[in-house]
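# Commentary on secondary and tertiary structure
Okay, here's what each chain looks like letter by letter:
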Amino acid sequence: MTNGLRPRIGQSLLRAIGLLVAKVLLLAALMMVPAHAQEAEVTEDTPAYILTPDGLPDYLAWSRVAERGERVLEIGRASDSALSDLRDEIAEWRTLFLSAQEENSIRINTLKTQLATLGPEPEDPGSEHAAVTHRRTELASALAEVQAPVKNAQEAFASAEILIEEIDSELRGRQTDQLLKLGPTPINPAAWPVAFSEMKQTFANALSEVKNAWGSDAQRRDFQSDLPLTVTLLGIGLLLLTRSRFWLIRLGGRLRKMRKGPSRGVIGFVISLGQVIAPMIGLIALLLAVQLTGVLGLRGQVIIDALPDAGFFFFVALWIGTRLFGQEAGNSAIHLPTPALRAEARIDVMFLGVLLGLGNILSEIGEHDRYSDVTMAVLSFPLIVAGGVLLVRLGRLLRRHLGSIQSEENTNFRTRSMSLIGRICEIVGFAAPVAAAVGYSSLAQAMIVPTILTLSVLAILVILHDFIKALYATVMRKDDDATDDALLPVVISFCLTLAALPLLALIWGARSTDLSELWTTFLGGFQMGEARITPHAFMIFAIIFAVGYVATRAIQATLRGTILPKTKMDKGGQNAIAVGTGYVGIFLAAIIAITGAGIDLSSIAIVAGALSVGIGFGLQTIVSNFVSGIILLIERPISEGDWIEVNGEMGYVRDISVRATRIETFDRSDVILPNSDLVAGVVTNYTRGNSIGRVIIPVGVAYGTDTRRVDAILREIAEAHPMVTVDPAPAIVFQGFGADSLDFEIRAILSDVNFMLTVKSEINHEIARRFVEEGIEIPFAQRDIWLRNPEALVSQSKAEMSNSENASPLGRDAMTSDDMNNGETDGEGTGDE
């Protein structure tokens with residue numbers, strides 16, 4: 001082999017290995033975007049724009065570029081690649097104009113501040129001092145001068161934006177026209193000889209190139225000199241291609257048997273990656289061995305260059321099928337009912353990978369040999385039909401999986417999604433071959449290839465989600481079932497899904513420039529007044545505010561736990577200071593974060609004022625409660641732990657927040673009261689300032705009892721209780737003469753009103769005991785019931801019995817003397833109430 005060929009082989013080896021590693025790390029080779037979505041690669045190192053000696057954009061050069069772009073768009077004959085190159089050039093100019101808009105920003109702000117200091121220009125120029133007028137004129141002239149480059153940049157930026165939008169619209173229109181273009185039908189027998197003829201010519205040319213290369217004496221000598229390396233690479237390639245997957249599968253099974261718990265899933269996933277890496281290394285080694293023979297011509301090299309991608313499609317498809325539909329139900333992400341169905345699903349997925357690889361090879365050969373539309377339609381039709389059949393089979397399997405899950409009454413989001421995906425697969429599997437048969441080959445390929453790639457992306461996301469769950473369970477030392485409700489794996493999987501959205505957009509025909517435009521728009525942020533809120537500014541704001549928030553909470557915790565308990569301040573005051581510190585700290589953190597993010601508060605003051613009007617009407621209740629909460633913390637009419645009564649609700653105050661106050665009733669239920677009710681309503685605080693309170697215990701005795709004796713006994717009982725204060729002493733009040741009793745009251749001041757019910761119960765027990773010992777009767781209500789005209793009731797009873805005897809012969813025999821006497825009562829009775 002010549003010396004020039006060896007460096008090319010080494011470079012090819014390094015490039016192939018680098019490509020393999022990148023694909024394996026990203027697991028994205030299976031999701032290659034269509035060729036029309038690839039962005040033109042920029043090979044020039046020099047920028048497309050031109051700068052003046054002052055470092056400003058050369059607007060004269062830009063005008064020529066803009067005119068050329070408008071002329072190209074008007075003619076409409078430029079190729080897609082030419083339009084893409086033109087768009088890239090204009091995009092560079094646009095970036096330059098965007099940065100030029102920041103020129104003289106400090107000087108402009110200074111001049112605006114100086115003009116604002118002078119105030120608005122009066123209507124009558126003569127009413128202002130001449131020096132002030134002259135100074136305002138100078139500042140306005142200077143401001144116009146420094147703003148001129150900014151205005152030019154803004155105008156050029158708008159022009160570049162319009163041109164880029166027009167080019168994107170033109171490219172999208174061409175893409176749509178290409179998809180909807182009606183081409184030759186592949187089922188027309190007249191097209192088959194043309195296709196077979198061109199394909200036959202390709203193979204004949206490839207064979208001729210091989211014969212010519214092998215017939216060279218120099219080539220044979222190079223082959224003989226490289227024979228040891230060629231044989232070595234060939235042996236390594238064949239060994240890895242044929243045996244590596246089986247070795248890794250066996251190794252993974254042994255390691256899983258040695259491990260228990262979720263770590264088995266982590267080990268299985270890591271080892272399964274080798275089922276893609278090892279065969280790919282073998283394939284690359286095999287292809288390098290073929291290249292070392294030196295017998296490949298141009299067409300053979302085209303096929304060799306396409307084989308790594310085709311092999312990667314195949315091995316990744318095998319990996320996905322094994323991970324999704326494992327031989328054992330416990331090792332698969334999608335649990336089909338029987339092993340036969342799982343094996344069928346693995347085969348379908350494998351052949352989908354084979355079809356993608358064959359389609360890639362066909363596309364490369366067709367592009368190299370410039371196949372006609374008829375040939376491409378005929379040759380791609382069998383691949384489209386086979387892909388449709390496989391999609392229909394796979395869709396039915398997924399829906400069968402749904403049926404088995406529904407029978408177990410265990411449906412979830414993943415199951416419903418699989419049902420929808422299965423239905424889509426069936427629809428695409430039927431529609432794509434029909435479209436291709438009619439003549440819409442581009443549309444059929446645009447349907448079936450993105451569908452297969454989308455299924456690959458979704459499958460990889462499912463596999464990664466299961467791996468993340470297993471990894472989380474291993475790290476946290478939890479069971480597999482415990483991770484179903486864990487939040488962190490779901491958040492990570494959701495982020496991966498969001499990261500996959502741009503890739504899915506590319507798969508379905510979006511251009512990379514479209515995504516870059518969306519990203520540029522996102523980075524540009526939005527305008528609020530004269531201030532622009534960008535993601536960078538928001539991130540700075542979020543970081544500074546988070547630091548301030550954490551610092552505020554740390555200061556609050558220090559005040560609550562260390563400083564305030566050592567003071568003589570009551571609990572309510574301590575809580576007010578801690579909460580107030582939190583409000584002030586959060587407010588200062590927000591102000592510092594806004595300033596640190598570079599957002600001018602004065603520029604959004606008008607917008608904030610306009611929003612405040614709407615907020616004032618829509619959220620006036622919340623604002624009222626917020627202000628009331630501040631008043632409660634400052635005036636402190638109630639504090640945590642107080643016993644209050646408001647709006648018929650009685651209980652202990654447990655928490656005072658910004659919007660509402662939570663009280664705990666005596667039946668241990670929480671009542672949330674708006675702060676405005678506590679400020680505007682009537683609140684009874686039983687423990688404000690101190691816990692002293694009065695208890696009133698009513699007592700009734702029978703008529704005829706010695707009232708002085710009752711007074712003395714009740715006084716002794718009240719004074720003997722330890723919770724009743726000595727000063728003031730308890731009072732015994734003879735309230736009056738009730739309907740059934742002589743009414744007394746014990747009125748005592750308790751040292752702790754929170755024990756009111758306990759004191760009442762204990763004093764009542766003591767009263768009952770002493771009254772029994774003293775022979776004092778506690779009366780109860782009695783009622784005498786008098787019946788008017790009892791003889792009328794007796795006559796009515798006799799009439800009813802006579803009627804019953806006439807109605808039934810057995811009635812007379814059934815009557816007894818006791819029954820007759822029941823009506824002859826004296827009409828008097830008593831009852832207790």
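Residues numbered from 1 in each chain as written. Predicted model: local features only at pLDDT ≥ 70, side-chain atom pairs only at ≥ 80, totals over all residues. Heavy atoms only, no water.

## Topic: the overall build of the protein chain
- Along the protein chain, the regular secondary structure elements total 26 helices and twelve strands.
- Across the 833 residues in the protein chain, those meeting the buried criterion constitute 37%.
- For the protein chain, the computed accessible surface area is about 48,300 Å², with 61% contributed by carbon and sulfur atoms. (Helix = DSSP H or I, 4+ residues; strand = E, 2+ residues; numbered from the N terminus. Buried < 20%, exposed > 50% of the residue type's maximum accessible area, 1.4 Å probe, protein only. Areas by Shrake-Rupley, 256 points an atom, 1.4 Å probe, with all protein chains shown as cover.)

## What about the pattern of salt bridges?
- Taken as a whole and judged by the stated rule, the model has 23 salt bridges.
- Salt-bridge contacts for aspartate 168 lead to arginine 87; the nearest nitrogen and oxygen are separated by 2.6 Å. Of this pair, aspartate 168 sits in helix H5 (residues 130-179) while arginine 87 sits in helix H3 (residues 80-100), and the two are 81 residues apart along the sequence.
- Residue class for arginine 87 comes out buried when judged on its relative accessible area of 3%.
- Arginine 511 is the partner of aspartate 168 in a salt bridge, and the nearest nitrogen-oxygen pair spans 3.2 Å. (Salt bridge = Lys/Arg side-chain N within 4 Å of Asp/Glu carboxyl O.)

## Observations concerning helix H10 (residues 298-324)
- Spanning 27 residues, H10 covers 40 Å between terminal C-alpha atoms, matching the ideal 39 Å at 1.5 Å per step.
- Of all the bends in H10, the greatest reaches close to 30° and is centred on leucine 307; the proline proline 308 follows between one and four positions later.
- Here H10 lies mainly inside the structure; 20 of its 27 residues are buried. (Expected span 1.5 Å × (residues − 1). Bend = angle between axes of the 7 residues up to and from the residue.)

## Digging into the nonpolar core
- By size, the foremost hydrophobic cluster in this structure holds 56 residues, and its most contacted members are Trp319, Ile320, Leu324, Phe325 and Leu391.
- Counting residues per element, this core draws most heavily on helix H14 (residues 441-476), which supplies 14 residues.
- Membership of the second largest hydrophobic core comes to 25 residues, among which are Ile732, Leu742, Val753 and Ile776. (Core = buried A, V, L, I, M, F, W, Y, C linked by side-chain atoms within 4.5 Å.)

## So, a positive patch on the surface
- On the surface, Arg243, Arg250, Arg254 and Lys257 cluster together into a patch of positive charge.
- Checked against the element boundaries, lysine 257 lands in helix H8 (residues 227-258).
- Lysine 257 gets classed as exposed once you look at its relative accessible area, which sits at 75%. (Patch = residues over 30% accessible without salt bridge, like charges linked within 9 Å, V, L, I, M, F, W, Y side chains within 5 Å. Lys, Arg positive; Asp, Glu negative; His and termini not counted. Charge placed at Lys NZ, Arg CZ, Asp CG, Glu CD.)

## Re the sheet that holds strand E5 (residues 660-665)
- Strand order in the open sheet made by the five strands is E6-E5-E4-E3-E7, with antiparallel pairing throughout. Two strands close off the open sheet at either side, each with one partner strand: strand E6 (670-674) and strand E7 (683-685). For this sheet, the mean inter-axis angle between neighbouring strands, taken without regard to orientation, is 40°.
- As defined by bridge partners, E5 adjoins E6 across five bridges and the pair is classed as antiparallel. Counterpart to alanine 660 in the pairing with E6 is proline 674. (Pairing = 2+ DSSP bridges. Axes fitted to C-alpha atoms, helices over the stretch in contact; angles between N-to-C directions.)

## Focus: the confidence of the model for the protein chain
- When pLDDT is averaged along the protein chain, the result is 79, and 81% of the positions lie at 70 or above.
- For residues 1-46, every residue scores under 50 in pLDDT, and the model assigns this stretch 64 contacts once sequence neighbours within four places are set aside.
- In the predicted structure, residues 808-833 sits below a pLDDT of 50 and forms 20 contacts with residues beyond four places in sequence or in another chain. (pLDDT = per-residue confidence, 0-100. Contact = heavy atoms within 4.5 Å.)

## A closer look at the packing of H10 against H14
- Two elements in contact, H10 and H14, have axes whose closest approach is 10 Å; the angle formed by their N-to-C orientations is 50°. The angle between H10 and H14 places the two elements in the oblique class. Considering how the two elements wind past one another, H10 and H14 form a crossing that is left-handed. Touching Trp319, Ile320, Arg323 and Leu324 of H10 are Ser456, Ala459, Ile460, Val462 and Ile463, all from H14.
- Residues that form the contact of H10 with H14 fall into these classes: seven nonpolar, one polar and one charged. (Parallel < 35°, antiparallel > 145°, perpendicular 65-115°, else oblique. Left-handed = near helix turned anticlockwise from the far one by under 90°. Nonpolar A, V, L, I, M, F, W, Y, C, P; charged D, E, K, R; others polar.)

## Remarks on the sheet that holds strand E9 (residues 731-737)
- Taken together, the three strands give an open sheet; going across it, the order is E8-E10-E9, and neighbouring strands pair in antiparallel fashion. Taken across any chain shown, the strands that pair with only one partner, and hence form the sheet edges, are strand E8 (693-701) and E9. The mean inter-strand angle of the sheet, taken between neighbouring strand axes irrespective of direction, is 25°.
- Note: E9 against strand E10 (residues 742-750), six bridges, orientation antiparallel. Each residue of the ladder has a partner; that of isoleucine 732, found in E10, is isoleucine 746.
- Its contacts with the sheet place helix H22 (residues 707-720) against E8, E9 and E10, and it is angled at close to 25° to E10.

## Quick notes on the packing of aromatic side chains
- According to the stated counting rule, one finds 17 aromatic pairs in the structure shown.
- Between phenylalanine 734 and phenylalanine 737, the ring centres sit 5.5 Å apart and the planes meet at 70°, which makes this aromatic pair edge-to-face.
- Relative accessible area serves as the criterion here: at 34%, phenylalanine 734 is assigned to the partly exposed category. (Phe/Tyr/Trp six-rings, centres within 6.5 Å; stacked < 30°, edge-to-face > 60°.)

## Thoughts on unusual backbone geometry
- Aspartate 727 connects to proline 728 through a cis peptide bond whose omega is 0°.
- Even without being glycine, arginine 370 reaches a positive phi, approximately 55°.
- You can see arginine 370 is positioned in the loop between helix H11 (339-369) and helix H12 (373-407).
- Positive phi, close to 55°, is recorded for asparagine 647, a residue that is not glycine.
- Inspection of the secondary structure assignment puts asparagine 647 in the loop between strand E3 (643-646) and strand E4 (649-656).
- On the basis of relative accessibility, which here comes to 54%, the residue asparagine 647 falls in the exposed class.

## Quick word on a nonpolar patch on the surface
- On the surface, Val584, Phe587, Leu588, Ile591 and Ile592 cluster together to form a nonpolar patch covering roughly 470 Å² of accessible area.
- Mapped onto the fold, isoleucine 592 is located in helix H18 (residues 571-596).
- Residue isoleucine 592 is classed as exposed on the basis of its relative accessible area of 53%.

## Quick word on the environment of leucine 240
- Position of leucine 240 among the secondary structure elements: in helix H8.
- Separated by 46 residues in the primary sequence, leucine 240 and leucine 286 place their C-alpha atoms 9.6 Å from one another.

## Considerations on the environment of arginine 94
- In this fold, arginine 94 is placed in helix H3.
- In sequence terms arginine 94 and alanine 158 are 64 residues apart; their C-alpha atoms lie 8.5 Å from each other.
- Those residues in contact with arginine 94 that sit more than four places away from it in its chain are Phe157, Ala160, Glu161, Ile164 and Glu517.

## Looking at H8
- Its 32 residues place the ends of H8 44 Å apart at the C-alpha level, agreeing with the 46 Å of an ideal helix rising 1.5 Å per residue.
- At arginine 243, H8 is bent by approximately 50°, the largest bend along its length.
- Every buried residue belonging to H8 is among Thr230, Leu233, Gly237, Ser244, Arg245, Leu248, Gly252 and Gly253, and all of these are buried.
- Residues of H8 that are buried make contact with helix H9 (263-292) and H10.

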